Amino acid sequence: MPPDAAAASAPTAPGPPAGLLDRAAALDREEPLRHLPSRFHRPEGLVYLDGNSLGPMPLGVPDAVADVVRRQWGRELVAAWNTEGWWEAPQRVGDRIGRLVGAAPGQVVAGDSTSVHLFQCYVAAARMRPGRRAVVADPDAFPTDLHLLASAARLCDLEVVAARPAEVPDVLARRGGDVALVALSEVDYRTGERCDVPALTAAAHDAGALVLWDLAHSVGATDVDLDAAGADLAVGCSYKHLSGGPGAPAWVYVARRHQHEVDPPLTGWHGHADPFAMDGRYAPADDVRRMRIGTPPMLSLLALDAALDVLDDVTPVQLRARSTSLVRFLVEALEAVVPELPLAGPRDPARLGGHVAVRSPEAWGVVRALAGRGVVGDFRAPDLVRLGVAASSTTHADLARGVVALRAVLDAGEQHDPAHAVRSTVT
Ligand SMILES: *Cc1c(COP(=O)(O)O)cnc(C)c1O
C-alpha cells in the first residue's frame, strides 16, 4: 500500500470529505427559510456558532432602539407609557413569544430574568399543591434552576428529589402522591438532548403533580407546544435563540386554567388588578398579568420586541424544520470529519434541540483555538465543545466551515498551544 493511501485510511485524521462545503451550499440554496440569516448582522470573517448563548443582532434592532431612545424617551417622555404601548409591552411581547411555544394569547408575560421567573414558579407551584412536599428536578439542570429551587425549597419546606428526565416516570410511580412539581428543561444546555414534553407532562399529571418547563434553549429552536402538551408553567430566555439582545427580559407562561389561582411570591404593583388605584392592599390581576412584578427594563424589552420582527412570517414548525436540517448536517459532518470526538448527546436530530456538543479532554483548548480561526463556539466544563445552531441565523455553510476549522485545529495540535488562548481573548 502506498504511504498516502495508508494515511488516507487512518481513522484519526480523515480530513474534510470532498464536497462538504458544496453540500452545505446546496442545502442553503434549497432550504425554504434560506432568506432568514440575511436578516441578521453577520460580522465579516466570523463563523458564529454561539447563537444559543447570545443570539446575533437582527438588522432592524439598532434603528428601533434609536427610535425608542431618541423619539419615545427623548421627546414623548412619560406619555410614551400610553402613546407607545410601553405599559402593555410585557403582554404584547409575551404573546409574540407565546406563538413560538404553542401558547395561545394571554398566557405569557415578559419582563424579568429567567431566574426571577423560575423562583416565582417554584413557590407558586408549591402553593398550588399544599399537601405535597416533593419537587422532582434534574440534578444536571442549569445551575441557576437548581440554586433557586434549593432556596424555594427552604422557604416552602419542600424536598428536592433528583431525577434525570428518563428517571422521572419511576420516581412518580414510587412517590407520585407527594410530588407537587416536576421541573425540567426540554433541551439539556450541555448535550443538546431533548426530552419528551407531552409524555413527561402527562406522567406528572397522572400523579396529580404540576409541570414547569424551562424552555431557555427551546424557544426559537424546537416546536414545543405548551398548550397541546397541557403544560402548567414554563419559563424561557430571550437572548438565546430569540436574539433579543444581551440581558433581554425573559418570559413566563401560566396556562389559562391556573391563572385565577396562581399565587407568586413577588407581588409587585404591576401585578395588581388596578395598579393606578395605588391601593395599599394587594389584589392580584385576574389573568397572567399577576406574574408581572415591577417596572421592566424597557429599553431591553423594546429591543426584544423589535428583534421578534424577524420571525413574524415564520411558524414554529417551519423554524423547527430549518433547525433539524442544520442539526442533521452538523451531526453528520462531525461524525465524518472529526470522528475521534464523540457526540455528547443523541445523533438523531429529532432528539436534539438547537446545539450539538462533542467531548474532548482538551475541550477548552479546542474552543480557544477555534476562536483563533474565527469560529466562535462554546466550552462547557469539563469536556464539552458546544456548537450552537441558531435556526434563524446559522447557515449550513457556517457549520461546514466550523467543522473544517475543527479538523484543522486538531491536525495542527493547536488545542495544546497556549498562544491561542492569548490570541482569542476576543470571545
Ligand atoms: C441560559 C439559562 C438560564 C439563564 O438564566 P438567567 O436568569 O437569564 O441568567 C436559566 N436556565 C437555563 C436552563 C438556561 O439555559
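What counts and how
- Residues numbered from 1 in each chain as written.
- Predicted model: local features only at pLDDT ≥ 70, side-chain atom pairs only at ≥ 80, totals over all residues.
- Heavy atoms only, no water.
- Core = buried A, V, L, I, M, F, W, Y, C linked by side-chain atoms within 4.5 Å.
- Buried < 20%, exposed > 50% of the residue type's maximum accessible area, 1.4 Å probe, protein only.
- Salt bridge = Lys/Arg side-chain N within 4 Å of Asp/Glu carboxyl O.
- Helix = DSSP H or I, 4+ residues; strand = E, 2+ residues; numbered from the N terminus.
- Contact = heavy atoms within 4.5 Å.
- Axes fitted to C-alpha atoms, helices over the stretch in contact; angles between N-to-C directions.
- Parallel < 35°, antiparallel > 145°, perpendicular 65-115°, else oblique.
- 1 Å grid on protein atoms, 1.4 Å probe; cavity = no way out; pocket = protein on both sides within 12 Å on 5 of 7 lines; lining within 4 Å.
- Points joined across faces, edges and corners; volume = space filled by probe spheres on them.
- Nonpolar A, V, L, I, M, F, W, Y, C, P; charged D, E, K, R; others polar.
- Domains from an automatic or database assignment.
- Near = heavy atom within 4 Å.
- Polar contact = N/O pair within 3.5 Å; in protein donor to acceptor, adjacent residues only side chain to side chain.
- Sits in = over half its atoms within 2 Å of the grid points.
- Buried area = accessible area lost by both parts, 1.4 Å probe.
- Bend = angle between axes of the 7 residues up to and from the residue.
- Pairing = 2+ DSSP bridges.

Trainee: How do you make sense of the nonpolar core when you look at a structure like this?
Mentor: Soluble globular proteins tend to pack their nonpolar side chains together in the buried interior. With 54 residues, the main nonpolar core has Trp213, Trp251 and Tyr253 as its most contacted residues. With 33 residues, the next largest nonpolar core counts Leu341, Val375, Ala405 and Leu406 among its residues.

Trainee: Would you mind going over the pattern of salt bridges with me for this structure?
Mentor: Note on pairing: side chains with opposite charge can pair once their charged atoms come close. Within the structure shown, the criterion is met by 32 salt bridges. In this structure, Arg175 and Glu159 form a salt bridge, with 2.9 Å as the shortest nitrogen-oxygen distance. Of this pair, Arg175 sits in helix 8 (residues 168–175) while Glu159 is found in strand 4 (residues 159–162), placing the two residues 16 residues apart along the sequence. We note a salt bridge from Asp279 to Arg281, for which the minimum N-O separation is 3.3 Å. On the basis of relative accessibility, which here comes to 35%, the residue Asp279 falls in the partly exposed class. Classification of Arg281 as exposed rests on a relative accessible area of 64%.

Trainee: What should I look at first to understand the environment of Val108 in this one?
Mentor: One can find Val108 in strand 2 (residues 108–110). Owing to a relative accessible area of 2%, Val108 belongs among the buried residues under this scheme. The sequence separation of Val108 and Leu54 amounts to 54 residues, and the corresponding C-alpha distance is 22 Å. If we ignore the near neighbours within four places in the chain, the residues touching Val108 are Pro90, Gln91, Gly94, Asp95, Gly98, Ala103, Trp251, Val252, Tyr253 and Val288.

Trainee: Teacher, can you tell me more about the packing of helix 2 (residues 20–30) against helix 12 (residues 316–337) here?
Mentor: Two packed helices can be described by the angle between their axes and the distance between those axes. Relative orientation of the contacting elements helix 2 and helix 12 amounts to 175 degrees, with a least axis distance of 12 Å. On the basis of the axis angle, helix 2 is roughly antiparallel to helix 12. Along its contact with helix 2, which presents Leu20, Arg23, Ala24 and Leu27, the element helix 12 presents Phe329, Glu332, Ala333 and Val337.

Trainee: Whenever I open this one, the layout of surface pockets confuses me. Can you help?
Mentor: If a probe the size of a water molecule is rolled over the atoms, the empty space left behind becomes visible. In this structure, the largest pocket spans a volume of roughly 670 Å³. Around the largest pocket, the lining is made up of 43 residues, and of these Asp138, Ser185, Val187, Asp188 and Tyr189 lie nearest the centre. Every element with two or more residues in the lining of the largest pocket is listed here: helix 6 (114–128), helix 7 (143–156) and strand 5 (179–185). Looking at side-chain class alone, the lining of the largest pocket contains 19 nonpolar, 9 polar and 15 charged residues. Looking at which domains feed residues into the lining of the largest pocket, each of domain 1 (3–58 + 313–424) and domain 2 (88–237 + 250–295) gives three or more.

Trainee: When you look at the site of the ligand in this model, what are you seeing that I'm missing?
Mentor: If you check the shell around the ligand, you find 13 residues, and the closest are Ser115, Asp145, His217, Tyr239 and Lys240. Asp145 places a polar side-chain atom, nitrogen or oxygen, 2.9 Å from a nitrogen atom of the ligand. Judged by the proximity of its atoms to the pocket grid, the ligand belongs to the largest pocket. For the shell around the ligand, the secondary-structure elements that each account for two or more residues are helix 6 and helix 7.

Trainee: Explain empty space enclosed by the protein here, please?
Mentor: Inspection of the entire model under this criterion finds 2 cavities of 30 Å³ or more. Size it by volume and the largest cavity reaches roughly 80 Å³. Forming the boundary of the largest cavity are 13 residues, of which Tyr122, Ala141, Asp145, Ala183 and Leu184 lie nearest the centre. Elements that contribute at least two residues to the lining of the largest cavity include exactly helix 6, helix 7, strand 5 and strand 6 (210–214). Across the lining of the largest cavity, the residue classes tally to 10 nonpolar, 1 polar and 2 charged. The residue inventory of the lining of the second largest cavity, partitioned by class, reads 6 nonpolar, 3 polar and 2 charged.

Trainee: How should the domain arrangement of the protein chain be read in this particular structure?
Mentor: Size of an interface, as often reported, equals the accessible area lost when the parts are brought together. Taken domain by domain, the protein chain comprises domain 1 (3–58 + 313–424) and domain 2 (88–237 + 250–295). Taking only C-alpha atoms, the centre of domain 1 and the centre of domain 2 are 32 Å apart. Residue-level contacts link 24 residues of domain 1 with 15 residues of domain 2. Interface area, domain 1 with domain 2, both sides summed: about 1500 Å², of which 53% is carbon and sulfur. Contact with domain 2 buries surface across domain 1, with Pro316, Arg320 and His355 losing the most and accounting together for 30% of the total. In this structure, Arg351 and Glu193 form a salt bridge, with 2.8 Å as the shortest nitrogen-oxygen distance.

Trainee: Sorry, what's going on with helix 3 (residues 61–76) here?
Mentor: At Val68, helix 3 shows its maximal kink, close to 25 degrees. Among the residues of helix 3, Val61, Val68 and Gln72 are the ones counted as buried. Positive phi appears at Leu77, one or two residues downstream of helix 3, with a value of about 50 degrees.

Trainee: Looking at this model, I keep getting lost on the pairing of strand 7 (residues 233–236). Mind explaining?
Mentor: Look at any regular strand and the pattern is simple: side chains alternate between the two faces of the sheet. Burial along strand 7 is two-sided: the face carrying Leu233 and Val235 and the face carrying Ala234 and Gly236 are both buried. By the bridge criterion, 3 bridges tie strand 6 to strand 7 in an arrangement that is parallel. What sits directly across from Leu212, in strand 7, is Leu233. Where strand 7 meets strand 8 (residues 251–254), 4 bridges bridge the pair, whose relative direction is antiparallel. Counterpart to Leu233 in the pairing with strand 8 is Val254.

Trainee: In this structure, what is going on with the sheet that holds strand 12 (residues 384–388)? I would like to understand it.
Mentor: Adjacent strands of a sheet form backbone hydrogen bonds with each other and so pair up, either parallel or antiparallel. Spatial ordering of the open sheet is given by 9-12-11, a layout of 3 strands whose pairing is antiparallel. Where the open sheet ends on each side, the last strands, each with one partner, are strand 9 (355–359) and strand 11 (378–380). Averaged over all adjacent pairs, the angle separating strand axes in this sheet is 30 degrees, with direction ignored. Note that strand 11 and strand 12 share 3 bridges and pair antiparallel. Residue pairing in the sheet places Arg380 in a bridge with Leu384 of strand 12. Helix 13 (residues 363–372) contacts strand 11 and strand 12 of the sheet and is inclined by roughly 40 degrees relative to strand 12.

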